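# Chains, contacts and geometry: an overview
Residue-level listing of the chains:
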Amino acid sequence: MKLMSRGSTETHHAVKVPRFPVISLRATADQVIVEAPGVYEEFARNEGQSLFEVAEPAALKATKTLGLRVCKVVATDAADDDATFELVADVDLGELQELASYNGEPGQYEVVEHPEPENRPWYARLGRDRDRYGVRSGGRVNRRTVGYIAAAGLLAVAVAVPVSGVFRDEPEAQPEPYHAAAAQLPVQAPPGWGTFAGWHQSINQRAQPVIFDDVLLTPEGRQISALDPNTGEPKWSTDAGMEVTEFAPMTDTLIAVTDGKAVSLLDTSSRQVTATSMPKEGQIEFGYGDPVKMTPSSPVVYVLTDSGKWAKRTMPAGSEIAGAADGAVTAASTDGPSARVWSLTEDSAKLPKPGTIAGVAGKGGKTSPVESCTGSFDTVLCQAKKGTATEWSSSKVGRKGEATSVSRVHTAAFKGSSAAAATAPEVDRSTGSFLARGIWVTNKALVQVGSEAHLGGGRAVRSSQKESELLDSKGKTVATSTKTKAFPAAVSKQNTAIVVAADPSDPAATSVYGLPTNPKEGE
């Protein structure tokens, strides 16, 4: 590395790096202090020792401590009128180099190119300086060495030709200045999720990636890419034929995809996408569990089956859809003291016998009626008044012969009331839990998280005016942060959170980030 004095000739290249300095390095006459997230170390600086001589090993050590290959470094030399340099430490190259001006976007870096002094003979570059570039040492020949050897080889050919300018003492042509190959800098994490992410990938707006068959499926344009959720490494990709926004796993290898207009099936074993023959009427909904196509004012609902065909189901008059799973549609009606529910497994004029979900028993034997029900998959969520509070209940719905079976799972009372919402629930595809009317329905509890919360990876993000909480499936707060709109879409087996957020460098774009979390975090 060379730190050029002010006024020297420099060549600049555009640089894309994070907006934040990962490593801060401040040098005085007798020491250098290195600070980074979770890193603080002091190094002695001997008399006459240049900033570079002490900064390079210190910055490379800090970069390794952070577990990174490349880090941006801001170095200030208090012994030289607070001269400040923007640098980059590259562990693979084993060098600290000077960054050119940059626009603040995450991505790749290039460095300031410092041309060699004019009229410097080739043998001087490979003679006195050989140790510096690793030729004599017997170590690995780096890219810079290769450039010089190539230049020397060309000049050697010229020496063998009598008309060569070497014998006429003409200035030789300068070799191409060396600059580092592009390398990925750490990416700034979304607000509220720490300092930096392990990796990130652009995805379609409003898209929700999903972990399926041990890979992370992410849609970008008309492509679906399968990534390693812990490293972001691409595994495979396929043409979806549409700009996918949602996924719905159907079997161990089959997953439904949609752009809101059509639904196709992706077979992850063959990596083939097959379009389904869509019913003409209705709108696509993924929030009720398996994909359905429905018209709110019509009792007719079409549900996508594992075979890739849409099955027609006609709900009872006055009922509403409350779930779809394995070809069955759950319908619910709240026109009496108790809610009635039907599990519709075929399109028939003869309906199965309904199951019932009772309201809240009060004083004097009076029962508060069930006000409304919704649900997803085979679980129905119902609400009833309980004094000034609201009692919520979740129930599993199925079929037993010609009758509908109902089994209560959880009951909880929360202060306040909740108006019925016409929108479909939000589904966490990794666990099958869902969020409806501010209540998170998990297999362990009913958790009040509010209408502004989001789900993913068995977690919920609940935000207040000043902060956001990350909750587990029992409603326990496992982490807090500054208020954030970013939320986990999934969590890998190695506890990497897959977080969807707006790209800070382009507000119109969306990215997915891989963020390592606490491996000791338990349920």
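Treat the numbers as computed from the prediction; the structure is a model and nothing was measured.

### As for the overall build of the protein
Check the secondary structure of the protein and you find 3 helices and 42 strands. Going through the 523 residues of the protein one by one, you find that 47% of them count as buried. In the protein, once contacts between residues fewer than 6 apart in sequence are set aside, the share between residues at least 24 apart is 48%. As displayed, the protein offers around 25900 Å² of accessible surface, 49% of which is attributable to carbon and sulfur atoms.

### Re the environment of Asp378
Topologically, Asp378 is positioned in the loop between strand S28 (370-376) and strand S29 (379-386). With relative accessibility at 30%, the residue Asp378 sits in the partly exposed group. When the C-alpha positions of Asp378 and Gly398 are compared, they lie 7.0 Å apart, and in sequence the two are 20 residues distant. A polar contact is formed between the side chain of Asp378 and the side chain of Lys396, at a distance of 3.3 Å.

### Observations regarding the sheet that holds strand S19 (residues 292-294)
Pairing is antiparallel in the open sheet, where 4 strands are placed in the order S18-S19-S20-S21. Edge strands, defined here as strands with exactly one partner in the open sheet, are strand S18 (283-285) and strand S21 (310-314). Adjacent strand axes in the sheet meet at a mean angle of 30°, parallel and antiparallel pairs treated alike. Here S18 pairs with S19 via 3 bridges, running antiparallel. Among the inter-strand pairings, Glu285 is bridged to a residue of S19, identified as Val292.

### Digging into the pattern of salt bridges
Following the criterion strictly, the structure yields 9 salt bridges and no others. Between Lys493 and Asp214 there is a salt bridge, and its shortest N-O distance comes to 3.2 Å. Note that Lys493 is positioned in the loop between strand S40 (487-491) and strand S41 (496-503) and Asp214 in the loop between strand S10 (210-212) and strand S11 (215-220), a separation of 279 residues in sequence. Residue classification places Asp214 among the exposed residues on the basis of a relative accessible area of 53%. When the shortest N-O distance is used, the salt bridge between Lys396 and Asp378 registers 3.3 Å. Here Lys396, found in strand S30 (residues 389-400), pairs with Asp378, found in the loop between S28 and S29; they are 18 residues apart in sequence, far enough to count as distant. Given a relative accessible area of 37%, Lys396 falls into the partly exposed group.

### Overview of unusual backbone geometry
The backbone of Arg206 shows a phi angle near 65°, a positive value even though the residue is not glycine. One can find Arg206 in the loop between strand S9 (199-203) and S10. At Arg271, a residue that is not glycine, the phi angle is positive and equals roughly 60°. The residue Arg271 is located in the loop between strand S16 (263-267) and strand S17 (272-275) in this model.

### Some words on the side chain of Ser319
Relative to the elements of secondary structure, Ser319 occurs in the loop between S21 and strand S22 (320-325). Its relative accessible area of 12% is what places Ser319 among the buried residues. Dropping the residues within four chain positions of it, Ser319 is found in contact with Ala331, Ala332, Ser333 and Trp342.

### So, the pairing of strand S5 (residues 83-90)
In terms of burial, S5 is a largely internal element, 6 of the 8 residues being buried. Relative to S5, strand S4 (residues 70-77) runs antiparallel, the two being bridged by 8 bridges. Residue pairing in the sheet places Val73 in a bridge with Leu87 of S5. Hairpin geometry of S4 and S5 is characterised by an intervening segment of 5 residues between the two adjacent antiparallel strands and by a positive phi of about 55° at Asp81. Sheet analysis places S5 next to strand S6 (residues 95-98), joined by 4 bridges and oriented antiparallel. Residue pairing across strands places Asp90 opposite Glu95, the latter belonging to S6. Hairpin connection of S5 to S6: 4 residues between the antiparallel strands, including Gly94 at a positive phi of 70°.

### Topic: the nonpolar core
In this structure, Ile23, Leu25, Val34, Leu66, Val73 and Leu96 are the most contacted members of the largest nonpolar core, which totals 24 residues. Of all the elements in the fold, those that place two or more residues in this core are strand S1 (23-27), strand S2 (31-36), helix H1 (51-65), S4 and S5. When residues of this core are assigned to their parent elements, the largest contribution, 7 residues, is made by H1. Once you skip the residues sitting within four places of it in the chain, Val73 turns out to touch Ile23, Leu25, Ala59, Phe85, Glu86, Leu87, Ala89 and Leu96.

### Notes on the sheet that holds S11
Two orientations exist for strands paired in a sheet by backbone hydrogen bonds: parallel and antiparallel. Taken in spatial order, the 4 strands of this open sheet run S10-S11-S12-S13, and their pairing is antiparallel. Single-partner strands in this sheet number two, and they are S10 and strand S13 (234-239). Mean inter-strand twist for the sheet, computed between neighbouring axes without regard to direction, equals 30°. With 5 bridges connecting them, strand S12 (residues 223-227) and S13 associate as antiparallel partners. Considered in S13, the bridge of Ser225 is made with Ser237.

### Observations regarding H1
An ideal rise of 1.5 Å per residue puts 21 Å on 15 residues; H1 measures up with 21 Å between its terminal C-alpha atoms. Turning to H1, its buried residues number three or more, namely Leu51, Val54, Ala55, Glu56, Ala58, Ala59, Leu60, Ala62 and Thr63. In this fold, the buried residues of H1 make contact with S1, S2, strand S3 (39-44), S4, S5 and S6. Just past H1, the residue Gly67 takes up positive phi, approximately 75°.

### Some words on the pairing of S41
The element S41 is extensively covered by neighbouring structure, given that 7 of its 8 residues are classed as buried. Counting the residues that bridge the hairpin from S40 to S41 gives 4 residues, and of these Asn495 lies at a positive phi of roughly 60°.

About the cut-offs
- Residues numbered from 1 in each chain as written.
- Predicted model: local features only at pLDDT ≥ 70, side-chain atom pairs only at ≥ 80, totals over all residues.
- Heavy atoms only, no water.
- Helix = DSSP H or I, 4+ residues; strand = E, 2+ residues; numbered from the N terminus.
- Buried < 20%, exposed > 50% of the residue type's maximum accessible area, 1.4 Å probe, protein only.
- Contact = heavy atoms within 4.5 Å.
- Areas by Shrake-Rupley, 256 points an atom, 1.4 Å probe, with all protein chains shown as cover.
- Polar contact = N/O pair within 3.5 Å; in protein donor to acceptor, adjacent residues only side chain to side chain.
- Pairing = 2+ DSSP bridges.
- Axes fitted to C-alpha atoms, helices over the stretch in contact; angles between N-to-C directions.
- Salt bridge = Lys/Arg side-chain N within 4 Å of Asp/Glu carboxyl O.
- Core = buried A, V, L, I, M, F, W, Y, C linked by side-chain atoms within 4.5 Å.
- Expected span 1.5 Å × (residues − 1).

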